[in-house]
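# An overview of the molecular structure
Next come the chains, spelled out residue by residue.
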Amino acid sequence: HHQMGDTIRSYSWYPHMNSSDPSTCALLCASRDQPIHLIDAYTSAIRASYRPYNGMDEMESPTVVTFSPDGGRIFAAGFRTDRTLHVFRTELPGRESDVLRLGKTRRSKD
């Protein structure tokens, strides 16, 4: 079994999941103080991890995570310190992501 830090905040099934093809049976999970994990739906093993880093070069967990419709990208948002959207390539685990800055809101401090 995988080690999850806290309650799962967000999850997303792989959009092309087909139960007759185990390689497609996976979901993303985001938990507090943990990287985003790609979890095998059958074994619960961690297949890959994606690590969003904030402006202070600290790994920060998102509150929302989802796949793009084609499954090729992972979108992560809802960070505590930055109004950003991290876009990971599914086939490239690690910390490499495109970081898009989101616009200001009336509640935002930046």
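### Overview of the packing of aromatic side chains
A complete count under the given rule lists two aromatic pairs for this structure. Judged by centre distance (5.5 Å) and plane angle (80 degrees), the rings of Tyr-14 and Phe-67 are edge-to-face. You can see Tyr-14 sitting in the loop between β1 (8-13) and β2 (26-31) and its partner Phe-67 sitting in strand β5 (residues 64-67), a full 53 residues away along the chain. The side chain of Arg-95 reaches across the aromatic face of Tyr-53, ending 3.5 Å from its centre.

### Remarks on the sheet that holds β1
In spatial order, the strands read β1-β2-β3-β4; together these four strands make up an open sheet with antiparallel pairing. With partners counted over all chains shown, the strands left at the sheet margins are β1 and β4 (46-50), one partner each. Each strand of the sheet is rotated relative to its neighbour by a mean of 20 degrees, with strand direction disregarded. Sheet analysis places strand β3 (residues 36-40) next to β4, joined by four bridges and oriented antiparallel. Bridge pairing links His-37 to Ser-49 in β4.

### A few points about the pairing of β3
Summarising burial for β3: five of the five residues are buried, a large majority. Both faces of β3 are covered, namely the face carrying Ile-36, Leu-38 and Asp-40 and the face carrying His-37 and Ile-39. Relative to β3, β2 runs antiparallel, the two being bridged by four bridges. Across the sheet, the residue bridging to Ala-26 is Asp-40, located in β3.

### So, the environment of Pro-69
By the element assignment, Pro-69 lies in the loop between β5 and β6 (73-77). Residues Pro-69 and Tyr-14 lie 55 residues apart in sequence; the distance between their C-alpha atoms is 8.9 Å. Contact partners of Pro-69, with chain neighbours within four places excluded, come to Pro-15 and His-16.

### Re the pairing of β5
Residues Val-65 and Phe-67 point to one face of β5 and are all buried, whereas Val-64 and Thr-66, pointing to the other face, are not buried. Two strands pair when backbone bridges link them, and β5 and β6 are joined in this way by four bridges, in the antiparallel orientation. Counterpart to Val-65 in the pairing with β6 is Ala-76. Linking two consecutive strands that pair antiparallel, namely β5 and β6, is a turn of five residues; a positive phi of about 80 degrees is found at Gly-71 within it.

### Digging into the sheet that holds strand β8 (residues 98-101)
Ordered by their spatial adjacency, four strands build an open sheet running β5-β6-β7-β8, and the pairing between neighbours is antiparallel. Single-partner strands in this sheet number two, and they are β5 and β8. Strand-to-strand twist in this sheet, taken as the mean axis angle between neighbours without regard to direction, amounts to 20 degrees. The pairing of β6 with strand β7 (residues 84-89) spans four bridges and is classified as antiparallel. Bridge pairing in β7 places Ile-74 opposite Phe-88.

Parameters and conventions
Residues numbered from 1 in each chain as written. Predicted model: local features only at pLDDT ≥ 70, side-chain atom pairs only at ≥ 80, totals over all residues. Heavy atoms only, no water. Phe/Tyr/Trp six-rings, centres within 6.5 Å; stacked < 30°, edge-to-face > 60°. Helix = DSSP H or I, 4+ residues; strand = E, 2+ residues; numbered from the N terminus. Lys NZ or Arg CZ within 6 Å of the ring centre and 35° of its normal. Pairing = 2+ DSSP bridges. Axes fitted to C-alpha atoms, helices over the stretch in contact; angles between N-to-C directions. Buried < 20%, exposed > 50% of the residue type's maximum accessible area, 1.4 Å probe, protein only. Contact = heavy atoms within 4.5 Å.

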